[in-house]
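Structural description and commentary
Each chain, written out:
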There are 2 protein chains.
Amino acid sequence: MIERGNRYRTLGLLGGMGPGATADVLTKIISATPAARDQDHVPVLVHCVPQIPDRTDALLGRGPSPEAALIDGTLALRRAGADFMAIACNTAHHWYEAVRHAADRPVIHIADAVVSEIRASNKPGAVGLLATAGTIKSGFYQRALRAEGFAPCVPDPAIQNAVVDKAIASAKAGRWPEARRLIRRAIEILGDEGSHTLILACTELPLAVRDRDCEGMFIVDANMALARACVAAAHEMGRTLNETAELL
Amino acid sequence: MIERGNRYRTLGLLGGMGPGATADVLTKIISATPAARDQDHVPVLVHCVPQIPDRTDALLGRGPSPEAALIDGTLALRRAGADFMAIACNTAHHWYEAVRHAADRPVIHIADAVVSEIRASNKPGAVGLLATAGTIKSGFYQRALRAEGFAPCVPDPAIQNAVVDKAIASAKAGRWPEARRLIRRAIEILGDEGSHTLILACTELPLAVRDRDCEGMFIVDANMALARACVAAAHEMGRTLNETAELL
């Protein structure tokens, strides 16, 4: 039933946080795939169920944990036939271990995907992190960067609150001039503190950042890095599958 | 675990034909939803597995049937928890009855969604259909239109081949000026034949049609109509669910 040839493994994408981020990652997976025809694309199952408690609210002690809902989604993707998984939400990676345990199969970590692109860029200097207050508080990006010898640089709490969080809220509400102005300010601050690389670790941010705001900086769109890592993993696992098939 | 309040039913979206069309429908579902926050959006499970035989090739007797793969996808969406379904591919609706049988739950038909918007528009005259040769040959749009008293108008086979199919191929390959020129020609021909309404029944077409090409015509983007019908159905079924919950 499934065409032979390109045997990809099936990605399960845990999403809905929000649905726009899910569509963004799915679109980036498609654009990151070298494909001459539909059948060359990576098979993806998507769980885009937004009825899940807010991740940042939970991390800041203002709301219930999304863990049980994340596990529900993971189990649904397993039942549907996912071979490996990814989480289409930066902040939700705070619950990565719970998802991986429930998945019982590989789960690509967005921070690993990002740090791997930063390593390949060979750019010296600190790495600035633009993300929600929840992602910053969780600390998984900072840990992934330090584990590879990079110095993370996060805005101080007052700037996070008055500039970054406000920029993300403006972008979510479609107030683009305000979002762009605030983000430009945050980028200047991180640049002044020595960041030569910038992680855009929230879906709304790539839409609000213009190239001219980041002159000389190496910019990593976390969703794009995750998408590329998913495509690479689907190919790599598929290759193993093809070799096994040839041996039979 | 799932937040109470807006209790939507979960949509299962059968996609991958191609993946770009799936991302298009998912994005349109999000934009068609009146939502103040993530949790207001429709829960969607997506089966985007492009390793499925080409639908038009099958319909033109040039390749194997996609029916078994469509049924596989339907069953995967059932296992994952879909309450109702939709197919993110015009041409695949040729196998609608097989999908509906396998789904064993409501499956929104894209032609019903389109014809319902045409009926609401109160626009007289014939209804032009721009679609793949496979969709035209299957005839489900023509039947859905006639069942509601509308006269379908399809390009004659030579025009379909030399203009419409070529426009879709150009759009798929990113040759936009050529795609736009060809589509404008097809629209002129359908207009000359009396069409006052135009169905864009292939994902690539809305991207290649400019408003000024269709002066005075009522244009229906089939993917957008499907997205709106999915959101309406999720709300309607959710309302019934809420009323039942209130009775308990």
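Summary of the structure given here. Sequence order as written defines residue numbering, which begins from 1 separately in each chain. Here chains are named by letter from A upward and ligands by number from 1 upward, in the order in which they appear as written. Under the rules for a predicted model, residues below a pLDDT of 70 receive no local features and side-chain atom pairs below 80 are neither given nor counted, while totals for whole chains, interfaces and linings still include all residues. With hydrogens and water stripped out, all remaining heavy atoms of the structure feed into the side-chain values.

With respect to the pairing of strand β5 (residues 126-130) of chain A
Residues and elements named next belong to chain A. Quick reminder of the rule: In this scheme, a residue with accessible area under 20% of its type's maximum is buried, one over 50% is exposed, and one in between is partly exposed, where area comes from a 1.4 Å probe on protein chains only. Put simply, DSSP H or I for four residues or longer makes a helix, DSSP E for two residues or longer makes a strand, and each gets a number counted from the N terminus. Two strands make a pair as long as DSSP finds a minimum of two bridges between them.
Of all five residues making up β5, five are buried, and the element is well covered by its neighbours. On β5, burial covers both faces: Ala 126, Gly 128 and Leu 130 on one face and Val 127 and Leu 129 on the other are all buried. Across five bridges, β5 lies against strand β7 (residues 195-200) in parallel orientation. Bridge pairing in β7 places Val 127 opposite Thr 197.

Considerations on the sheet that holds strand β1 (residues 11-15) of chain B
Spatial strand order, β4(A)-β3(A)-β1(A)-β2(A)-β2(B)-β1(B)-β3(B)-β4(B): eight strands in an open sheet with mixed pairing. Two strands in the sheet have a free side with no partner beyond their single neighbour: β4 (107-108) of chain A together with β4 (107-108) of chain B. Sheet topology note: the strand β3 (residues 84-87) of chain B/β4(B) ladder contains two bridges and is parallel. The residue bridging Met85(B) from the neighbouring strand is Val107(B), located in β4(B).

Considering the sheet that holds β7(A)
Residue and element names in this part refer to chain A. Spatially, β6-β5-β7-β8 is the arrangement adopted by the four strands of the open sheet, whose pairing is parallel. The open sheet has two edge strands, β6 (152-153) and β8 (218-221), and neither has a second partner. Bridge analysis of β7 against β8 gives four bridges, and the strand direction is parallel. Residue pairing in the sheet places Ile 199 in a bridge with Val 220 of β8.

Focus: the pattern of salt bridges
Our working rule: The term salt bridge refers to a pairing of a side-chain nitrogen on Lys or Arg with a carboxyl oxygen on Asp or Glu at a separation within 4 Å.
All chains considered together, the criterion is met by 23 salt bridges over all chains. Between Glu117(A) and Arg228(A) there is a salt bridge whose closest N-O contact spans 2.7 Å. Here Glu117(A) is found in helix α5 (residues 110-121), whereas its partner Arg228(A) is found in helix α11 (residues 222-247), with 111 residues between them in sequence. Judged by its relative accessible area of 17%, Glu117(A) is buried. For Arg228(A), a relative accessible area of 39% gives the class partly exposed. The salt bridge partner of Arg119(B) is Glu148(B), with a shortest N-O separation of 2.8 Å.

Read these as spatial facts, not as claims about activity.
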